[in-house]
Amino acid sequence: MIDHRADVPAVTTPDSAPRSVVALVDASSSVERELIGGWLAEGGITAEFGIDAPVTQLDLDPTAVAERLVGRHDDPLVVPIRVVWLPPERDGVRRITFADLATLSNPRKPHRLMQRRLVAKAPDRHLVLTGQPARLSELRANNPSVAASVEPFARAIVRAGIVALERAERSVIGDRYKVPRLVAEEILDSPEFLRRLDAIAAHIGAQPSEVYRRAEKALRELVAAQSRLVSDLFTQAMRPVHASAWKVDYEPSGLAGLRRLNRRYALVFLPSHRSYVDAFVLGDVLARNDFPPNHVIGGANLSFWPMGPIARRTGTVFIRRSFGDDEVYKAVVEEYFAYLLAKRFNLEWYFEGGRTRTGKLRPPRYGLLNYLAAAIRARRVDDAMLVPVSITYERLNELGAIATEQVGGKKKPEGLGWLARYIRNQQHSAGHVYVRFGDPISARDCLSAHGDPMIPDHGPARPLPDEVRDQERKAVQRLAFEVAVGINTVTPVTVNALVTLALLGVHERALTLGEVRAVLAPVLGYIERRRLPSGELATLRDDHGLAIVLEQLSIAKVVTVYRGGLEPVYAIEPGAHLEAAFYRNSAVHWFVNRAILELAILTAVEAQQDDQLATGWATAYRLRDLLKFEFFFPERTEFADQLSREMLLVDPDWHSRRGDGTVGADILAKLADSGFIMAHRVLRSFFDAQLVVAERLADHDAAQPVDHKRFIDECLAVGRQMLLQQRLHSPESVSSELFATALKLADNHGLLHPDGTDLAARRTAFAAELRTIGARITRAAALDPSHRVGL
């Protein structure tokens, strides 16, 4: 059998052959007992292991093991045995389908009468399976903390037997059916966990029995009870939901390396979150490539019937949204995380904390990463490999609801009716969904590299010093940053991202097909020069393909088409700017540095000639600071290197003539000659939203605190007014998501809380700075060839 705490099989060498064998029989019916008994009588143990010794049969049950095995003084070989039942083979695959349910029996767990029939009529549908054996002495050595206690040691032997049988069964049915067993029981038997509960009881002044009861209740609520039957059926039921809408595009070559890595480490998949269907798409990709099912950490908002019970049986772990100072629940969550990681069960969660409302990555949430880091610091697990995953949709059918939420509309609660409407809305073709896997990140190495002292947490009774907590916090933040960068690095530029980028940049103008193509041509060349990951972009170079993309966006009510003139012209559908921005923003991170460079150049050429270079760099660093809550920028040195590479794309002779401290008199012409300008297309909506927040702060009483919710509502109302006055460029700037991030920036700059200093003056200066930036963005737009009539 397998050590229930480790991943290394026990070994029995030929020169120490056992004199007796104990067969631990895991049988649920008389039919299974007969099959196992017949297999043993026919010399199955001898044939399987080359051992000729008397065999004693015991039930794989803690009571039987405690009474007849734990107290033995000899050293028998312990072999777990069970019968495995298989579904019928279809197209080379044995998987349960809804047709199998017609027999009113689970093909993997048929009832006794069905078992009799299968033995007689379909002998290929069952086999007698043994798990990795172990000597009784090895089991004692593997469980030193409970070996001296009869009942805990018996339970440990049973768990080890079940784990060994599960592993052997997976070698037959595939890793995608790897599911945990007896999780709550094993955790509650852990002496380390029991000691932690005792410490919590002493700290909070509660009875240990009451703390234990609360921990057991929390575990039963938390642990995902995975079912192979439900997993098979749920996959078949949900696959058509996304298969009818999207063509899933992924790279199998990247998965091969992850499979090899998964033999040593638990994988933690951290995908971008753009749709409710993300987990189905990723789960289907992994299942098709024989990965075990992920334990998906989910929010309680999706635990409604029937979704909740089904999701729990397919591996979803519903964690309470907030548990404050509940030390018992916190301990249970940490222990469960550590258990799953130590057992090499893969995890998955959406570290942005919710679906993006804008189309680009949201700032990460750190809570679950803290639990993972705690398990590593406590040496409960050697390491875990974090896998950044980008899930990018060419079109999404749920964008209308997302846009409504951004302008102040209420999110509709999830429920059965919501689920029915959601599934119905996915029945329209929406192009490709691109699933890309970034380079895996060693959690231990990354935390250590960013200064985590790797000191275990000893609980509230022995708190760590504040400076250690601060080091841990910063290391986890850097880990999250690395994941976000990993996601962005593999996120492809899609056809819809580029088409909306083109149409949003011409401010309410309609473009002919040829004009759209002319706007896109230099951008496509830029993408090729930088070798950016991309979707089916070759489509956009062909008039027929480009027309199809525009027509599909028209069907989705993102683009409007006017056909009454000489030729069709295309523009953003009135009221659909937020939906269009969502598509554009999925790729906007690829163009941010170019946009910053353009604004830095425009600022530099206004400066004194001998101060232009310094002014340009100062502007670039300032823009990076103002956008740091919207995008994931590297450290200052790497950022400077990236900007220099962007400059060489604009001016290949840049290095040879930057020594004089100037940026060159002809640099604006070079920008225009590049064929495109990005500042107004990429950055205007973010700076416009910051301007709304800054002006409202400037008008706010500096002596009064800011109520965040009321302030965002005020920004939405005033933002609509500013849009009508044409002080804002586009409706995409009037967004609760953008206002919330802008408010976070203002807080970071010390502009929210009354502090007795010159707060009012600093708020006014901040608003003035943003108005200046807005004016420069307008100047940049004037350089863009797409603003010239008759492209």
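Residues numbered from 1 in each chain as written. Predicted model: local features only at pLDDT ≥ 70, side-chain atom pairs only at ≥ 80, totals over all residues. Heavy atoms only, no water.

- In the nomenclature of an unreviewed UniProt entry, the protein chain corresponds to Glycerol-3-phosphate 1-O-acyltransferase from the organism Nocardia pulmonis.
- Of the protein chain, the UniProt comment under Sequence similarities (unreviewed entry) reads exactly: "Belongs to the GPAT/DAPAT family."
- The UniProt entry for the protein chain carries this comment under Subcellular location (unreviewed entry): "Endomembrane system". (UniProt positions renumbered as here; feature names shortened; annotations may be inferred.)

### Some details on the overall build of the protein chain
Working step 1: Each helix and strand counted, the protein chain has 32 helices and 18 strands in total.
Working step 2: A burial count over the protein chain gives 55% of its 791 residues as buried.
Working step 3: For the protein chain, the proportion of contacts with a sequence separation of at least 24, taken over those separated by at least 6, is 78%.
Working step 4: When the accessible surface of the protein chain is split by element, carbon and sulfur atoms take 52% of a total near 34000 Å². (Helix = DSSP H or I, 4+ residues; strand = E, 2+ residues; numbered from the N terminus. Buried < 20%, exposed > 50% of the residue type's maximum accessible area, 1.4 Å probe, protein only. Contact = heavy atoms within 4.5 Å. Areas by Shrake-Rupley, 256 points an atom, 1.4 Å probe, with all protein chains shown as cover.)

### With respect to the pairing of strand S17 (residues 559–562)
Working step 1: Side chains Val-559 and Val-561 of S17 all project onto a buried face; the interleaved residues Thr-560 and Tyr-562 project onto a face where none is buried.
Working step 2: As judged from the 4 bridges shared by S17 and strand S18 (residues 569–572), these two strands associate in the antiparallel manner. Counted as the bridge partner of Val-559 is Ile-572 from S18.
Working step 3: From the end of S17 to the start of S18, which pair antiparallel, there are 6 residues. (Pairing = 2+ DSSP bridges.)

### Section: the pattern of salt bridges
Working step 1: Following the criterion strictly, the structure yields 50 salt bridges and no others.
Working step 2: Glu-714 is paired through a salt bridge with Arg-696; the nearest N and O atoms lie 2.9 Å apart. Separated by 18 residues along the polypeptide, Glu-714 in helix H30 (residues 708–724) and Arg-696 in helix H29 (residues 684–699) bring together distant segments of the chain.
Working step 3: Among the charged side chains, a salt-bridge network with shared partners connects Arg-155, Arg-159, Glu-186, Asp-189 and Lys-343. (Salt bridge = Lys/Arg side-chain N within 4 Å of Asp/Glu carboxyl O.)

### Topic: the sheet that holds S18
Working step 1: Strand order in the open sheet formed by 3 strands is S16-S18-S17, and the pairing between neighbours is antiparallel. The open sheet has two edge strands with one neighbour each: strand S16 (511–512) and S17.
Working step 2: Helix H20 (residues 495–504) rests against S16, S17 and S18 of the sheet, and its axis sits at about 90 degrees to S18. (Axes fitted to C-alpha atoms, helices over the stretch in contact; angles between N-to-C directions.)

### Looking at the packing of helix H15 (residues 367–377) against helix H19 (residues 466–490)
Working step 1: Relative orientation of the contacting elements H15 and H19 amounts to 115 degrees, with a least axis distance of 10 Å. Judged by the twist between their axes, the crossing of H15 over H19 is right-handed. Contacts between H15 and H19 involve Leu-369, Asn-370, Ala-373 and Arg-377 on the former and, on the latter, Glu-472, Val-476, Leu-479 and Ala-480.
Working step 2: Looking at side-chain class alone, the contact of H15 with H19 contains 5 nonpolar, 1 polar and 2 charged residues. (Left-handed = near helix turned anticlockwise from the far one by under 90°. Nonpolar A, V, L, I, M, F, W, Y, C, P; charged D, E, K, R; others polar.)

### Observations regarding the side chain of Thr-619
Working step 1: Along the chain, Thr-619 falls in helix H25 (residues 612–626).
Working step 2: Setting aside anything within four residues of it in sequence, one finds Thr-619 in contact with Leu-599, Ala-600 and Thr-603.

### Re the environment of Leu-369
Working step 1: Tracing the sequence through the fold places Leu-369 in helix H15.
Working step 2: Expressed as a C-alpha distance, the spacing of Leu-369 and Ala-480, which sit 111 residues apart in the sequence, is 7.7 Å.

### Here we look at the nonpolar core
Working step 1: In terms of nonpolar packing, the biggest core is built from 127 residues, with Phe-269, Phe-437, Leu-498, Leu-540, Phe-591, Ile-596 and Leu-683 touching the most fellow members.
Working step 2: Counting residues per element, this core draws most heavily on helix H24 (residues 592–606), which supplies 9 residues.
Working step 3: With near-sequence residues (within four places) excluded, Phe-591 lies in contact with Leu-498, Leu-501, Val-523, Tyr-526, Ile-527, Met-678 and Val-682.
Working step 4: The next biggest cluster of nonpolar side chains, apart from the first, holds 60 residues, and it includes Val-317, Leu-372, Ala-443 and Ala-480. (Core = buried A, V, L, I, M, F, W, Y, C linked by side-chain atoms within 4.5 Å.)

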